[in-house]
Amino acid sequence: MKNHIRACAFAVCLLCAAAFCLCLTGCTSSENMSQAETLITTSLGEDSLNEDLVKTVAQDLAMLEKFSAASSVEELVLNDDGTITYIAPIDGDLRDEMQVRKESNGDIVLDIQEGDVHNEMTYTASGKLLLNGKEMGSN
């Protein structure tokens, strides 16, 4: 129950922060490129650095900025299926495991796994913010 409350509180904090960041563009900034290189090096080692991976991670970080989650990422994991999971510590052993993707319709989807709690946040191409398919601020 305590973890569920923390997960909900974190989701609300992310949503509030995202509301202030809706004007961000999805461009890959030099800051994102630098953060991507650092994240890859510390998580996977310097031998893992390559242009395609740096570009992918930088683009993902730009999308994570839509949810104000990029700055909390401290680690990444390359999954066997080619996806990347971004790890953000929350409290003690509690951490968020996030995957971000851009849909063909322009929506940006953030899957967040925190222990046994799973949430999906969507920043729609039209600028709406959804949590588990429901528009924020609606019933």
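Predicted model only: the values in this text are computed from it and were never measured. (Residues numbered from 1 in each chain as written. Predicted model: local features only at pLDDT ≥ 70, side-chain atom pairs only at ≥ 80, totals over all residues. Heavy atoms only, no water.)

Quick word on the pattern of salt bridges
Moving on, step 1. Summed over all chains, the structure comprises four salt bridges.
Moving on, step 2. Among the salt bridges present, the one from R95 reaches E97, with a minimum N-O distance of 2.9 Å.
Moving on, step 3. For E97, a relative accessible area of 31% corresponds to the partly exposed category. (Salt bridge = Lys/Arg side-chain N within 4 Å of Asp/Glu carboxyl O. Buried < 20%, exposed > 50% of the residue type's maximum accessible area, 1.4 Å probe, protein only.)

Digging into the sheet that holds strand β5 (residues 117-123)
Moving on, step 1. In space, the seven strands of this open sheet follow the order β1-β2-β3-β4-β5-β6-β7, with antiparallel pairing throughout. One side of each edge strand has no neighbouring strand; the edge strands of this open sheet are β1 (75-78) and β7 (134-135).
Moving on, step 2. In this structure, strand β4 (residues 108-114) lies alongside β5, joined through seven bridges in antiparallel fashion. Along β5, the bridge assignment pairs L110 with M121.
Moving on, step 3. Its contacts with the sheet put helix α2 (residues 30-44) on β1 and β2 (84-91), and the angle it makes with β1 is roughly 70 degrees.
Moving on, step 4. Against the sheet, helix α3 (residues 51-65) touches β1, β2, β3 (94-102) and β4, its axis set at about 45 degrees to β2. (Pairing = 2+ DSSP bridges. Helix = DSSP H or I, 4+ residues; strand = E, 2+ residues; numbered from the N terminus. Contact = heavy atoms within 4.5 Å. Axes fitted to C-alpha atoms, helices over the stretch in contact; angles between N-to-C directions.)

Quick look at the environment of D107
Moving on, step 1. Looking at the secondary structure, you find D107 in the loop between β3 and β4.
Moving on, step 2. For D107 and K128, which are 21 residues apart along the polypeptide, the C-alpha to C-alpha distance reads 9.4 Å.
Moving on, step 3. At a separation of 2.9 Å, a polar atom in the side chain of D107 contacts the main-chain amide nitrogen of A125. (Polar contact = N/O pair within 3.5 Å; in protein donor to acceptor, adjacent residues only side chain to side chain.)

Here we look at the nonpolar core
Moving on, step 1. Of all hydrophobic cores here, the largest spans 27 residues; its most connected members are V57, L64, F67, Y86 and L110.
Moving on, step 2. Of all the elements in the fold, those that place two or more residues in this core are α2, α3, β2, β3, β4, β5 and β6 (129-131).
Moving on, step 3. Considering every element that reaches this core, the biggest residue donor is α3, with seven residues.
Moving on, step 4. If we ignore the near neighbours within four places in the chain, the residues touching Y86 are L39, T56, V57, D60, L64, V73, E75, L76, D96, E97, M98 and V100. (Core = buried A, V, L, I, M, F, W, Y, C linked by side-chain atoms within 4.5 Å.)

Considering α3
Moving on, step 1. Over its 15 residues, α3 runs 21 Å from end to end, which matches the ideal 21 Å to within 8%, given 1.5 Å per residue.
Moving on, step 2. Every buried residue belonging to α3 is among L53, V54, V57, A58, D60, L61, A62, M63 and L64, and all of these are buried.
Moving on, step 3. For α3, the secondary structure elements touched by its buried residues are α2, β1, β2, β3 and β4.
Moving on, step 4. Measuring from the backbone nitrogen of D52 back to the side-chain oxygen at the start of α3 gives 3.1 Å, which picks out N50 as the cap. (Expected span 1.5 Å × (residues − 1).)

Observations concerning α2
Moving on, step 1. For α2, spanning 15 residues, the distance from its first C-alpha to its last is 21 Å, which sits close to the expected 21 Å at 1.5 Å a residue.
Moving on, step 2. Inspection of α2 places N32, A36, L39 and I40 among the buried residues, and these make up the whole buried set. Taken end-on, α2 shows its buried residues confined to a sector of 100 degrees, consistent with a single buried face. Summarising the geometry of α2, the exposed residues directed more than 90 degrees from the buried face are S30, E31 and T42.
Moving on, step 3. Taken from the residues just after α2, G45 is the one with a positive phi, measuring 100 degrees. (Arc of directions from axis to C-beta.)

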